[in-house]
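The residues making up each chain are set out below.
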Amino acid sequence: MSKLGRVVEAVEKYNRFVLDQVKRARTDEKFGRELITRWSEAKAKTPVTHTPTGLPLPRLALPEIDEPGEIARYLFGEGLPGEFPFLNGAYREMYLEPVRENELGSYGKNGDKNDVAAEVSPANRSKVRPKRPPRRSRPPEEPTRLFSGLMLAEDTNERFHYLTQHQRTHRLSTAFDGPTLYGIDSDADGVFGKIGEGGVAIDTVEDMVRLYDGFDLGSPNFSASMTISGPAPIIMAMYIAAAKRRFGPKVVPKLRGTIQADIFKEVQAQNETIFPIEASLRFLTDMVEFTTRELPRWYPISISGYHIGEAGSTPVQQAAYTLSNGFAYAEMFAGRGIPVDQFGPRLSFFLDCGLDAEYIALARVSRRIWAIGMRDAYGAGPRGQLFKLHTQTSGRSLIAAEFKNNLTRTAAELILAYMNATNSCHSNSADEPFTTPSEEWIRLAAHGQAILLEESGIFKHTMNMLSGSPGMKAVERAVEAAILDEFREIERLGGVLAAVEDRFQRSQIQNAAHRYEQQIYDGTRPIIGLNRYRNGTDEIPEVKLARTPRAKQQLQVDRLAKFKKKNAGKAKRALDKLVDVVDRGENCFPALLEAVEVSSLGQITGRLQEVVGRFRPMV
């Protein structure tokens, strides 16, 4: 039995444990009293906050139960936020406004605020010291993570500064153009027209310096996320090298962020794999081993279900394949000899959030399965049990027909994402069916999150505001059972890697994608403005398209030529050293760090492919 089979057994065993605790609470009076005491203390210790209208609310909403069995079911089956098995959240508080050290007076019956000035006579008012404004704890880090990538590095840098102008914390997510995603230089044959299209062109460490110019990469308020997998170790090395050029070697342990680097999802769904699977996994593990040791605040892999969902999977398939991929990586890193409590806390996840009913609880259930599996099958401690999640609203749900409706779709998906206590979130722009988002639509997308988190009171006053309904619990039970069924099938095929080689995940995703499209065409899946309530016209709206001017594309090629000419001799020596390290079977990441200083992305990829070969799709 592989570790995935043990995860299934662990979840089933834990579910039986929860039922045993429920029975024990109802039959063992002492245990029942202990649970009631714990429950009462949790409620008593919950601070009370006030809405702008003065309504008092607890900062944590707990169900009104006093029966020991139901308390046991909640505490052991769900856990308080920040407590195992983390169904209700990875952390104790998320999204909430800071606690006030002293609340302003409550509102009177007529809506007038009762403060010191109102309680003294007009004659004595001047003698009363004005009441200090309430002191607040440090504002929490915003969960909003903004995604951008267009044209050349300096153009994306300009967009980054535009997006973060109103943010306390700068959480940037970077999209790369097609050549970069495939590890190809901008001067390669046949790619000129793709330079800077759909993402930013990065060929050299000098481009990486330009990309994040003006941002303090070592600041605790800055983090970078890079959406790239095939050449991820090379891009990661460039990022470290760029940070060292600007801030010196002491900045390296301070770097915060994540790089996607998820090879399994590339083979299963997205197709941007450049080395054979075995070599890809080796280079990934080399990077994880290095960054786990040297960059304690960096997440060296973001295990991504988003692209699985966008390729057409069902929500359950997305969660099951993402989780099983995560467990496979954990087994692989442990096999390298990296302690689970070193790499476990450095794993992160990335899920899609669409409009299907499963998304009401998909991330909650994933968080619970991951915690149980990592604890009971891998022996991870509390930090290694956390399912740290970034969510992106569904790109597949965005429709060109009457595209302004996409604002509503994305708003609904944002509510679902935050109901699931995602750690960070990206909201898609309504114009994405046509083009890279313009400033107008990306501003509206960002404002959608700000309205939800800051203007509305849905999430900023109380944890668990929308959690725990009978419907949500029903979805949780059904989704968990369906995910475990998917695990069993992958286990039957020999585990994740064997299933990948058998094209199991890819074939299941393709079948689900076909069924999805068929449902749209036959009307069983309503899409407003497309197959229902159409306005009778098929006119395409005028949307300004974002395109990279040829002059900029030529500038990128010219810069690259200059870089290669300047470093020609050094590049050959660095690449020879890199190849020698790979041949000897040593960790190649330190040699990559040297190579990126003088070699381009395409030069490094090409030399590595000479040694390990190229990826060939399995038939």
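Please refer to the structure placed before this passage.
Residues numbered from 1 in each chain as written. Predicted model: local features only at pLDDT ≥ 70, side-chain atom pairs only at ≥ 80, totals over all residues. Heavy atoms only, no water.

A.B. asks: Which residues make up the overall build of the protein chain, and what are the values?
C.D. replies: Within the protein chain, the secondary structure is distributed over 22 helices and 11 strands. In terms of overall size, the protein chain behaves like a compact globule, its C-alpha atoms giving a radius of gyration of 26 Å where 619 residues would be expected to give roughly 25 Å. Projecting the C-alpha coordinates of the protein chain onto the three principal axes gives extents of approximately 80 × 65 × 60 Å. Residues classed as buried in the protein chain amount to 54% of the 619 residues present. Long-range pairs, those at least 24 residues apart, make up 78% of the contacts in the protein chain between residues at least 6 apart in sequence. Total accessible area computed for the protein chain in this model is approximately 27,400 Å², and 52% of it derives from carbon and sulfur atoms. When the 82 basic and 78 acidic side-chain charges of the protein chain are each reduced to a single mean position, those positions are 5 Å apart. (Helix = DSSP H or I, 4+ residues; strand = E, 2+ residues; numbered from the N terminus. Rg over C-alpha atoms; globule rule 2.2 N^0.38 Å. Buried < 20%, exposed > 50% of the residue type's maximum accessible area, 1.4 Å probe, protein only. Contact = heavy atoms within 4.5 Å. Areas by Shrake-Rupley, 256 points an atom, 1.4 Å probe, with all protein chains shown as cover. Lys, Arg positive; Asp, Glu negative; His and termini not counted. Charge placed at Lys NZ, Arg CZ, Asp CG, Glu CD.)

A.B. asks: Please provide a residue-by-residue account of the pattern of salt bridges, values included.
C.D. replies: In the structure shown here, the tally under the stated rule is 38 salt bridges. Among the ionic pairs, Arg92 bridges to Glu93, the shortest N-O distance being 3.7 Å. Of the charged contacts in the structure, one is a salt bridge between Asp286 and Arg282, with a shortest N-O distance of 3.7 Å. Pair noted here: Asp286 and Arg282 are both in helix 9 (residues 277-294), with a separation of four residues, about one helical turn. With a relative accessible area of 1%, Asp286 lands in the buried category. Residue Arg282 is classed as partly exposed on the basis of its relative accessible area of 22%. (Salt bridge = Lys/Arg side-chain N within 4 Å of Asp/Glu carboxyl O.)

A.B. asks: Tell me what's going on with the sheet that holds strand 11 (residues 424-426), and back it up with residues and numbers.
C.D. replies: Sheet architecture is open: four strands sit in the order 8-9-10-11, paired in parallel fashion. If you trace the sheet from one side to the other, it starts and ends with strand 8 (301-304) and strand 11, each paired once. Neighbour to neighbour, the strand axes of the sheet diverge by 25° on average, direction disregarded. When strand 9 (residues 347-353) meets strand 10 (residues 389-393), the two strands line up parallel, connected through five bridges. In the strand pairing of strand 10, Phe349 is matched with Leu389. (Pairing = 2+ DSSP bridges. Axes fitted to C-alpha atoms, helices over the stretch in contact; angles between N-to-C directions.)

A.B. asks: Mind laying out the side chain of Thr285, listing which residues take part and the relevant values?
C.D. replies: With respect to the helices and strands, the residue Thr285 is situated in helix 9. Residue Thr285 is classed as buried on the basis of its relative accessible area, which comes to 3%. Setting aside chain neighbours within four positions, we find Thr285 in contact with Met332, Phe333 and Arg336.

A.B. asks: Requested: an account of the nonpolar core, with residues and values cited.
C.D. replies: Within soluble globular proteins, side chains that are nonpolar generally end up buried alongside one another. Membership of the largest hydrophobic core comes to 153 residues, with the highest contact counts inside it found for Tyr212, Tyr239 and Phe487. Broken down by element, the residue count for this core peaks at 11 residues, all from helix 7 (residues 232-247). In this view, Tyr212 contacts Asn157, Phe160, Leu172, Thr174, Leu217, Phe222, Ala224, Met226, Tyr239 and Arg246; residues no more than four positions away in its chain are not counted. In this structure, Ala430, Phe434, Trp441 and Val543 belong to the second largest nonpolar core, which totals five residues. (Core = buried A, V, L, I, M, F, W, Y, C linked by side-chain atoms within 4.5 Å.)

What is shown is where atoms sit, not what they do.
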